[in-house]
Amino acid sequence: MRRSWPAALALLLAGCGIQPSGVDDAGRAATGVAPGVTLYFVDDDGRLQPQLRRINRLGTISEALALLLTGPGSSGLRTEITPSGPAPIVVDPRPGLIRLMTPLAEYEVTPLGIDQIVCTALGVWVQSGGAADTRVQVTFTLASPESERHRTCPRTG
Amino acid sequence: MTRRWWPRGLRIRLLVAFVLVAVTGAGAAAWSGARSASAALVTVTERRLTEAVAGQLNALTPQLTYPPNQAALDRLRAAVGTDTLVTYRALRSAAGDHTALVSDALRDAVRSRDRLSTQRISAGGVPWLLIGTPVMVTAPDGRQTRSGIEVYAVRDLAAVEQQVDGMTRSAARTAALALPLAVLLALSAAGSVLRPVRKLRDTARRLAAGDLDARSPPRGADELADLTVTINQMAGSLQESMAGMRRMQADARRFAADASHELRTPLSTLTAVVEVLASATDGMADDARESAELAITETHRLVRLVDDLMEVSRFDGGTAQLLMEEIDLADAVRDSLRARGWAGRVDLVAPPGTRLRVDRRRLDVIVANLVGNALRHGHPPVRVRITDRPALVSIEVTDRGPGLPGHVLPQVFERFYKHDAARSRTPGSGLGLAIARENARLHGGDLTAGNADGGGARFVLHLPREDT
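Every value quoted in this text rests on a predicted model; they were computed, and no experiment measured them.

A. Seen up close, the pairing of strand β2 (residues 91–95) of chain B. All names here are of chain B. The pairing of strand β1 (residues 84–88) with β2 spans five bridges and is classified as antiparallel. By the bridge assignment for β2, Val-86 is matched with Ser-93. The loop that links β1 with its antiparallel partner β2 comprises two residues; one of these, Arg-89, has a positive phi angle of about 50 degrees.

What follows is the structure, encoded as structure tokens:
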């Protein structure tokens, strides 16, 4: 009986080491690859329409917004954002809220145009793995109540 | 031979039990603590490694060419770090020596679950963490589809294992620290239990040795105190019954003394009357003379019996007195024999000049009783042999009769003991040997009964020399 004591002790000590395990779930899979970036423009009926730009990658929100500002090209869609100079939109993504600091004044863009910006930014955000319920704040060069609103894309909710 | 595993003493048993309990308890606590701490450590490390891989992947994927070419896979693999395998359909990019460790189970999980998966394995004595994930394509509305890219990373957990081992060792050390403490506690507990036990034992010893006043004061209210109270009660009732018995014994002795004393006066009268009767028997008719002679004999017997009873009462009451004088032993014995007319029937073997301080009357009683018995119950020749030794003098009386049966020997000195029922009419009182032994003991000697080698009873009186 006494002879089994060391064996039991060794077993206990062995139980303290790292044991092999089965396959465990460790969270969400990686994401972010895409054949291109989705931009939002306005069709003749005044509705937002997605347009996939095949650039063989998703890219960043800044890149997507830069492409958005360059316009829809010859696709039959139009943009409601007044073309501006080369100044980019500054993106400040935080958990739950993406702040977009545009070089535009509020009168240079229609509500639909704001939706174009919001939907494009949110689309890239979600595609690169961000949370879908993130809000977007669009600020303008001139102080305006619109700058304080936390917006969502009307197409995706 | 049976082996005794369990030690004998109470102290060592308490010690062993205490040490076992303490070390087991401390060991279990330390082991459980070390186990949960190491589990937490492993979990945290795994999460850190997994999050690092996921973070590195997510940082790069938006810039990754899709569908990827070999260069894109290499980029992805380089971003995740060494020991990483990235596959996309037939393309594959691997770096590090341990990517072969990726298990089929993990691949299956990555392909079927669309989730980040991990698995711990042990290879070559080293623990490894396998991390696998598919890279998903997420639509702007959140729907996910597989991109076909799979990423597997192999991470070394040896450093964590060393930390876990260190914790285990320190747990074992902690448990070992409990050992001396347990020994001290066990010794003090054993002492507190054993001290009253030892006191009780001493009390019981004193009781056994006859000191009926011995008591131990009970202390506290535990089982040992109960035991002490019980033992005290036992000693008390023992003392009471002993006292009662002594009282009854003393009463019985006093009664025997009083009765024999009271019998003496009427007996003296009766004796005088019988003497008159004896002198008148010559003129009686035969049957009347026979009755008178019987009355005379029985009266003499009664007188002797009462005398013996009074002698025994004196021994019992402790009032028997020794009248010591220095005598020549051979002369004294010869006088005894001659006075009873036995000189011609007894061989006396005595070295001349054996002098001893004794009570002459009591010696005469002893010798008369022993020789009388031998003459009455044994066969001649009856022999009295005096042996002079430095420390004591022995007087041995032997006969050639049938001897004493074995079952009689232990009882032969008892009062009123008569081995042969048919002998009840013999003139002895049944107290003779008892009185003889009391007399021997009064001298500081003893009287023993046995059988001689050639058959026949053998009584030996030992009398010590006073001056030695």
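More follows now that the structure is in view.
B. Structural view of the sheet that holds strand β12 (residues 457–464) of chain B. Residue and element names in this part refer to chain B. The strand order β7-β9-β10-β12-β11 describes an open sheet built from five strands, whose pairing is mixed. Looking along the sheet, the strands with just one partner apiece sit at the ends: β7 (346–349) and β11 (446–451). Strand-to-strand twist across the sheet, computed as the mean angle between neighbouring axes with direction ignored, equals 15 degrees. Across six bridges, the pairing between β11 and β12 is antiparallel. When the sheet's bridge partners are listed, Thr-448 is paired in β12 with Val-460. Sitting on the sheet, helix α8 (residues 360–377) is in contact with β7, β9 (382–388), β10 (392–398) and β12, with an inclination near 145 degrees to β9.

C. Unusual backbone geometry, seen in detail. Residue and element names in this part refer to chain B. Following Tyr-66, the chain continues into Pro-67 via a peptide bond in cis, with omega recorded as 0 degrees. Tracing the chain through its elements places Pro-67 in the loop between α1 (10–60) and α2 (70–80). Phi at Asp-83 takes a positive value of approximately 55 degrees, unusual for a residue other than glycine. For Asp-83, the location among the structural elements is in the loop between α2 and β1. Its identity is not glycine, yet Arg-89 carries a phi of approximately 50 degrees, on the positive side. Here Arg-89 lies in the loop between β1 and β2. Residue class for Arg-89 comes out exposed when judged on the 10 C-beta atoms lying within 10 Å of it.

D. Spotlight on the pairing of strand β4 (residues 126–138) of chain B. The buried fraction of β4(B) is high, at twelve of 13 residues. Note that strand β2 (residues 30–31) of chain A and β4(B) share two bridges and pair parallel. Bridged to Thr31(A) within β4(B) is Met136(B). Here strand β3 (residues 115–123) of chain B runs beside β4(B); their pairing, made up of seven bridges, is antiparallel. Looking across to β4(B), one finds that Ile121(B) is bridged to Trp128(B). Where β3(B) hands over to β4(B), the hairpin turn is made up of two residues, of which Gly124(B) adopts a positive phi near 60 degrees. One ladder, built from eleven bridges, connects β4(B) with strand β5 (residues 144–156) of chain B; its direction is antiparallel. What sits directly across from Val137(B), in β5(B), is Thr145(B). Joining the antiparallel neighbours β4(B) and β5(B) is a turn of five residues, in which Gly142(B) adopts a positive phi near 100 degrees.

E. Looking closely at helix α5 (residues 223–279) of chain B. Residue and element names in this part refer to chain B. When the terminal C-alpha atoms of α5 are compared, their 82 Å separation across 57 residues agrees well with the 84 Å that a helix rising 1.5 Å per residue should span. Along its length, α5 reaches its greatest deviation from straightness, about 30 degrees, at Thr-265, and the proline Pro-266 lies no more than four positions downstream. Within the span of α5, buried status applies to Leu-224, Thr-228 and Ala-235. For α5, the elements touching its buried residues are α4 (158–208).

The rules behind each value
Residues numbered from 1 in each chain as written. Chains lettered and ligands numbered in written order. Predicted model: local features only at pLDDT ≥ 70, side-chain atom pairs only at ≥ 80, totals over all residues. Pairing = 2+ DSSP bridges. Helix = DSSP H or I, 4+ residues; strand = E, 2+ residues; numbered from the N terminus. Axes fitted to C-alpha atoms, helices over the stretch in contact; angles between N-to-C directions. Contact = placed C-beta atoms within 7 Å. Buried ≥ 20, exposed ≤ 12 C-beta atoms within 10 Å, placed from the backbone. Expected span 1.5 Å × (residues − 1). Bend = angle between axes of the 7 residues up to and from the residue.

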